[in-house]
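Residues per chain, in single letters:
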Amino acid sequence: MISRLPRLHSSPLQPSMSTLKRKAAEEEDEALDQPRKLPAIGASRPTRTLQPSRTAPNLTKSGPSLPKPLTKPRAPTLTRSTTRGTSAPPASRPPPPVRTTRSVSGRSTDDKRFSELKTQLTSIESARAADAARLALDMEAERAKVAELQENHAAISRELAAARNHDLNQRRELVHASDEIEGLKKRHAREILDLEMDVKQRERENREVKEDLRLCRADLERDREAVSALKSTLAMQSTAHLTLTTQNQLLQAQLDANARLVAELTAKLEETELKLEEKTREVTDGEIVRRRLHNMVQELKGNIRVFCRVRPVLPADSDEEADMAFPDKRENKEIVLSSSSESATGQERKEVYNFGFDKVFEPSASQADVFEEISQLAQSCTDGYNVCIFAYGQTGSGKSFTMEGGPTEATAGMIPRAVVQVFRVAEEMKSKGWEYTMEGQFLEIYNETINDLLGAHDFDKKKHEIKHDPKTGATRVTDINVVPLHSASQVRSLLGVAQKRRSVAATMVNERSSRSHSVFTLRIRGVSAAGERCEGSLNLVDLAGSERLNVSFANGAERERVKETQAINKSLSALGDVIAALGEKGAAGPAAEGKHIPYRNSKLTYLLQNSLSGNSKTLMFLNLSPLAAHLNESLTSLRFATKVNNTTIGTAKKQSRTS
Ligand SMILES: Nc1ncnc2c1ncn2[C@@H]1O[C@H](COP(=O)(O)OP(=O)(O)OP(=O)(O)O)[C@@H](O)[C@H]1O
């Protein structure tokens with residue numbers, strides 16, 4: 001703290017006490033020393049006037065608080081000849097006083113000189129004594145002055161100390177005040193900083209408030225718009241409410257009227273339901289009668305019927321369309337084919353071929369349309385009949401499509417639809433006390449060999465034989481897989497398995513499905529609550545392509561194809577022969593009772609023996625291609641089908657017995 005105090009102001013006119021003391025002592029010493037200096041002998045020495053001792057500084061200059069300045073004492077002025085001290089060499093050194101070689105004349109001069117010097121010395125000593133006395137007096141005066149000065153010095157020192165104390169106090173106060181100022185400054189700076197931050201905070205808040213305000217204003221504007229929209233809606237709805245209230249009242253009145261009406265109608269409905277039950281019973285009885293009549297009609301008509309179906313032209317077909325017409329729009333029983341050729345005379349000759357069948361389906365007919373016509377026939381297996389449905393026609397005419405169909409519900413063919421129908425009828429018959437069990441098998445006859453399409457392996461290596469039970473009339477194929485059937489969907493998946501087998505085989509031998517007959521057999525056994533039993537079967541046969549191949553040109557790689565064709569031709573002609581023989585037998589009546597029917601001529605006819613007798617219901621689909629290129633094949637098929645259609649093979653018999 002004190003170190004930071006400014007130095008006390010010291011004036012050059014105010015020497016310190018110690019300086020004064022030192023000066024006084026020096027002057028005293030100087031005064032004492034001077035008499036001891038001896039003047040140089042023989043030299044014209046300048047005399048030095050004794051200077052008064054240095055006066056004390058004028059202390060009045062230090063300030064008004066200092067004591068009055070002392071008067072400067074005057075030193076006595078002494079004039080003395082300046083002599084060079086014995087120690088100082090003379091400017092020009094006199095020769096040494098004693099020389100051994102000195103002459104006798106010189107000795108008198110020296111003596112004279114010596115006496116002069118002696119005189120001078122005496123005078124100097126007297127002068128020196130006088131000086132010493134004066135000096136003693138001066139010393140005394142100086143000592144008095146020194147004493148006085150010391151007093152002054154002491155007084156000044158006290159004043160100085162007081163002044164220093166005062167100054168120190170002031171400095172302390174100053175330091176204190178500076179500290180305070182410093183503290184205040186810091187506090188002030190802090191406060192300014194705080195205030196600045198506060199200001200910034202306020203500015204931020206202000207901005208936020210402004211933003212909030214802006215948003216609020218926007219919200220307010222929107223709300224105002226919404227309110228005005230709501231107001232208009234409210235106004236509209238108030239009007240609507242009024243209208244509705246009026247309508248409500250009207251409706252309430254109508255409701256009351258309706259409630260009365262409903263009560264009346266409920267009573268009528270109950271009455272009608274009773275009548276409906278009665279009618280349903282009548283219809284069920286009627287259905288039974290209808291079925292009996294249907295079977296009677298079938299029996300009267302003869303049990304082999306032919307349906308003709310023409311497939312549509314496919315996008316892939318590049319050939320021209322044949323000239324086909326379907327003139328019978330009411331009963332759909334006719335088909336007319338026309339062809340034009342050039343006669344030998346070069347004239348155009350138009351030939352028209354008319355055919356009539358039990359039903360003719362145009363290309364636009366759907367699978368459902370076709371099935372509707374055969375559903376009664378298919379379901380008669382549940383009544384204990386053997387039913388056989390063939391698809392006959394050239395390759396690509398639509399046999400597989402008709403029998404198996406496509407993957408969708410709409411394109412499903414006769415086999416899946418017939419199975420669904422049989423299961424549905426069996427379910428319905430449950431309410432009449434009948435329980436049915438069903439089983440199925442699926443095989444193909446290729447090159448007069450039977451392959452199991454539901455076997456455990458893709459390629460069936462077993463040798464299968466056909467066995468007929470003469471007592472029951474049942475047909476069995478040895479080592480064939482007979483699958484118990486529980487649902488229509490199960491049958492669908494079995495058909496899928498069989499289809500896969502046939503396509504695997506097709507990679508080995510061309511177009512397997514075209515070159516083989518496939519036979520799906522569903523066997524159904526029913527037992528009624530009364531113990532009545534019936535057994536029927538449904539055979540759905542997709543025949544091989546009926547087209548003829550010119551075997552005379554066959555060679556090399558085609559030999560296998562020729563063998564297939566011969567087998568197909570053989571089995572198809574055997575089928576024709578069997579039908580013809582049955583027709584003849586039917587025409588001859590009881591007279592032809594023992595007539596031979598050549599079932600054994602092919603595996604196909606032998607397998608279907610019990611479904612191709614007078615005891616079965618047989619339907620043949622004739623599938624035709626719509627293309628002009630296939631016209632000749634179509635005509636051949638139509639002629640064969642006409643023969644079949646004209647055949648009466650007798651009366652189908654229901655296979656039922658009472659246990
Ligand atoms: N009624 C139809 N509607 C639509 N497409 C059909 C119809 N009939 C057949 N087709 C189509 O015609 C093509 C040939 O039919 P499909 O295979 O059934 O003939 P196919 O006589 O069984 O021949 P294959 O003897 O070679 O087995 C198939 O693509 C089939 O989908």
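Residues numbered from 1 in each chain as written. Predicted model: local features only at pLDDT ≥ 70, side-chain atom pairs only at ≥ 80, totals over all residues.

## What to know about the overall build of the protein
Stage number 1. In terms of helices and strands, the protein carries ten helices and 17 strands.
Stage number 2. Across the protein, the fraction of contacts at a sequence separation of at least 24, relative to all contacts at a separation of at least 6, is 75%. (Helix = DSSP H or I, 4+ residues; strand = E, 2+ residues; numbered from the N terminus. Contact = placed C-beta atoms within 7 Å.)

## Regarding the sheet that holds strand S4 (residues 323-325)
Stage number 1. Strand order across the open sheet formed by three strands is S4-S5-S6, with antiparallel pairing between neighbours. The open sheet has two free edges, formed respectively by S4 and strand S6 (348-356), since each of these has just one partner strand. Across the sheet, the axes of successive neighbouring strands diverge by a mean angle of 20 degrees, strand direction being ignored.
Stage number 2. Across nine bridges, the pairing between strand S5 (residues 334-342) and S6 is antiparallel. In the strand pairing of S6, Ser338 is matched with Val352.
Stage number 3. Sheet contacts for helix H10 (residues 631-645): S5 and S6; angle to S5, the most-contacted strand, approximately 140 degrees. (Pairing = 2+ DSSP bridges. Axes fitted to C-alpha atoms, helices over the stretch in contact; angles between N-to-C directions.)

## Describing the site of the ligand
Stage number 1. Taken together, 16 residues are adjacent to the ligand, and Arg311, Gly398, Ser400, Phe401 and Ser514 come closest.
Stage number 2. Elements supplying a minimum of two residues to the shell around the ligand: helix H4 (399-403) and helix H7 (512-515).
Stage number 3. The element contributing the most residues to the shell around the ligand is H4, with three residues.
Stage number 4. Considering only residue class, the shell around the ligand consists of three nonpolar, ten polar and three charged. (Near = placed C-beta within 6 Å. Nonpolar A, V, L, I, M, F, W, Y, C, P; charged D, E, K, R; others polar.)

## Observations regarding unusual backbone geometry
Stage number 1. In this structure, Asn332 is a non-glycine residue whose phi angle is positive, near 55 degrees.
Stage number 2. Mapped onto the elements, Asn332 comes out in the loop between S4 and S5.
Stage number 3. On the basis of neighbour counts, which here come to 20 C-beta atoms within 10 Å, the residue Asn332 falls in the buried class. (Buried ≥ 20, exposed ≤ 12 C-beta atoms within 10 Å, placed from the backbone.)

## Comments concerning the environment of Lys461
Stage number 1. For Lys461, the position within the fold is in the loop between strand S10 (449-452) and strand S11 (466-468).
Stage number 2. Through-space distance from the C-alpha of Lys461 to that of Asn451 is 7.9 Å; in sequence the pair is ten residues apart.

## Considering the confidence of the model for the protein
Stage number 1. Confidence in the prediction for the protein averages 79 pLDDT; 74% of positions are at 70 or higher.
Stage number 2. Contacts from residues 1-17, a stretch scored under 50 in pLDDT, to residues over four places away or in other chains number 19 contacts.
Stage number 3. With a pTM of 0.56, the predicted complex shows an ipTM of 0.97. (pLDDT = per-residue confidence, 0-100.)

## Some details on the packing of helix H3 (residues 367-379) against helix H5 (residues 414-430)
Stage number 1. Following both chains from N to C, one finds H3 and H5 inclined at 50 degrees, their axes separated by 10 Å at the closest point. With respect to H5, the axis of H3 lies oblique. With respect to the hand of their crossing, H3 and H5 are arranged in right-handed fashion. Here Phe371, Ile374, Ser375, Ala378 and Gln379 of H3 come into contact with H5, specifically with Met414, Arg417, Ala418, Gln421, Val422 and Val425. (Parallel < 35°, antiparallel > 145°, perpendicular 65-115°, else oblique. Left-handed = near helix turned anticlockwise from the far one by under 90°.)

## A closer look at the pairing of strand S15 (residues 532-542)
Stage number 1. Burial runs high along S15: nine of the eleven residues are buried.
Stage number 2. Both strand S8 (residues 386-393) and S15 contribute to a ladder of six bridges, which runs parallel. Paired with Cys388 across the two strands is Asn539, which belongs to S15.
Stage number 3. Across ten bridges, strand S14 (residues 517-528) lies against S15 in antiparallel orientation.

## What about the nonpolar core?
Stage number 1. Cys308, Val422 and Ala641 are the most contacted members of the largest nonpolar core, which totals 81 residues.
Stage number 2. If you tally residues by element for this core, the top one is helix H8 (residues 559-588), at eight residues.
Stage number 3. Residues in contact with Cys308, not counting those within four places in the same chain, are Ile335, Phe357, Val360, Phe361, Leu622, Leu624 and Ala641. (Core = buried A, V, L, I, M, F, W, Y, C linked by C-beta atoms within 7 Å.)

## Quick word on H3
Stage number 1. The end-to-end C-alpha distance of H3, which contains 13 residues, comes to 17 Å, matching closely the 18 Å that a straight helix rising 1.5 Å per residue would cover.
Stage number 2. All of the buried residues in H3 are Gln367, Val370, Phe371, Ile374, Leu377, Ala378 and Gln379. (Expected span 1.5 Å × (residues − 1).)

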